[in-house]
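# Observations on the model geometry
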Amino acid sequence: MKKILLLSGVACLMAVNAQAGIYNWQKSLIRPYIGADYVYSHAHQGNDAKNFKKNFHSGKADLGMEWNKRIYTEFSYQMSGELKNANPYGDGKSKNSFQAYAMDLYGKMPIMCSNLGAVLTAGGAIYDIKYKQMPNSSTTKVGYRAGLGMQYDMTDNLSARVIGRYSYIGTKRMNNLKEVTVGMLYRF
């Protein structure tokens, strides 16, 4: 399911991008974009994972479509680094990490000048959560996300953004994530 979601987003952007030689994106309201983000995540963990480390550092890749200057959709892939913890079930270390395949809807409202805008986001993601060297070590769950942030358009093609996001996952080991995302977007 998660691979189909990601591949369908890539296929849509490639199909739209194939017409780039015929269609001038800069004069259109509809424009595809790519982006890269750093994500700091603080996890609320429960049960036997409550003593595990909770602060993840992730990279995120984005593919999106700007429908007009205020509304856009985005497909993204996020992968966290592994956190090493003491294993409560024996000797050695236990590791936990997660991956997320997400689809979000963004809304942007200009503030003061046309280059700075408040961003509101809502969507869902498929979270693949892994706990190595523990019973029931892998969980895949659909989570819901909402966020608020700022976006600054440096040029017509390049933007920087900062977004705070809350993600509800609802598993016994990882209940939710509070995230801060810092990244760049490039529009075609």
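Residues numbered from 1 in each chain as written. Predicted model: local features only at pLDDT ≥ 70, side-chain atom pairs only at ≥ 80, totals over all residues. Heavy atoms only, no water.

As a further point, take the pattern of salt bridges. Going through the model one piece at a time under the given rule, you end up with 14 salt bridges. Note that Glu74 and Arg161 form a salt bridge whose closest N and O atoms lie 3.1 Å from each other. One end of the pair, Glu74, is in strand β3 (residues 71-80); the other, Arg161, is in strand β8 (residues 158-168), with 87 residues separating them in the sequence. Note on accessibility: Glu74 and Arg161 belong to one class, buried. (Salt bridge = Lys/Arg side-chain N within 4 Å of Asp/Glu carboxyl O. Helix = DSSP H or I, 4+ residues; strand = E, 2+ residues; numbered from the N terminus. Buried < 20%, exposed > 50% of the residue type's maximum accessible area, 1.4 Å probe, protein only.)

Counting residues in hydrophobic clusters, the biggest one holds 15 residues, and the most contacted among them are Phe98, Tyr127, Ile129, Met174 and Leu177. Only β5 (93-111), β6 (113-132) and β9 (174-187) provide two or more residues apiece to this core. Sequence-distant contacts of Ile129, defined by excluding residues within four places in its chain, comprise Ser97, Phe98, Ser137, Ser138, Thr139, Ile169, Thr171 and Met174. Of all hydrophobic cores here, the second largest spans six residues; its members include Tyr33, Tyr72, Tyr106 and Leu185. (Core = buried A, V, L, I, M, F, W, Y, C linked by side-chain atoms within 4.5 Å. Contact = heavy atoms within 4.5 Å.)

With respect to the element layout, Ser41 can be found in strand β1 (residues 31-45). Linking Ser41 and His57, residues 16 residues apart in sequence, is a C-alpha distance of 6.4 Å. Setting aside anything within four residues of it in sequence, one finds Ser41 in contact with Lys54, Asn55, Phe56, Ser58, Gln78, Phe98, Leu177, Lys178 and Glu179. Side-chain polar atoms of Ser41 contact the side chain of Glu179, separated by 2.9 Å. (Polar contact = N/O pair within 3.5 Å; in protein donor to acceptor, adjacent residues only side chain to side chain.)

With 12 bridges joining them, β1 and strand β2 (residues 55-66) adopt antiparallel strand pairing. Looking at the pairing, Ser41 lines up with Phe56 of β2. With 13 bridges joining them, β1 and β9 adopt antiparallel strand pairing. The residue bridging Ala43 from the neighbouring strand is Leu177, located in β9. (Pairing = 2+ DSSP bridges.)

Right, let's talk about the packing of aromatic side chains for a bit. Taken as a whole, this structure holds six aromatic pairs when the rule is applied. Relative to Tyr101, the ring of Tyr77 lies with its centre 5.1 Å away and its plane at 45 degrees, an arrangement referred to as tilted. With a gap of 24 residues between them, Tyr77 in strand β3 and Tyr101 in strand β5 connect regions that are remote in the sequence. A ring pair is formed by Tyr186 and Phe188, whose centres lie 5.5 Å apart and whose planes are at 90 degrees; its orientation type is edge-to-face. On the accessibility criterion, Tyr186 (37% relative accessible area) is partly exposed. A residue is classified by how much of its surface remains accessible, and Phe188, at 30% relative accessible area, is partly exposed. Clustering of aromatic rings is evident, with ring pairs tying together Tyr33, Tyr72 and Tyr106. (Phe/Tyr/Trp six-rings, centres within 6.5 Å; stacked < 30°, edge-to-face > 60°.)

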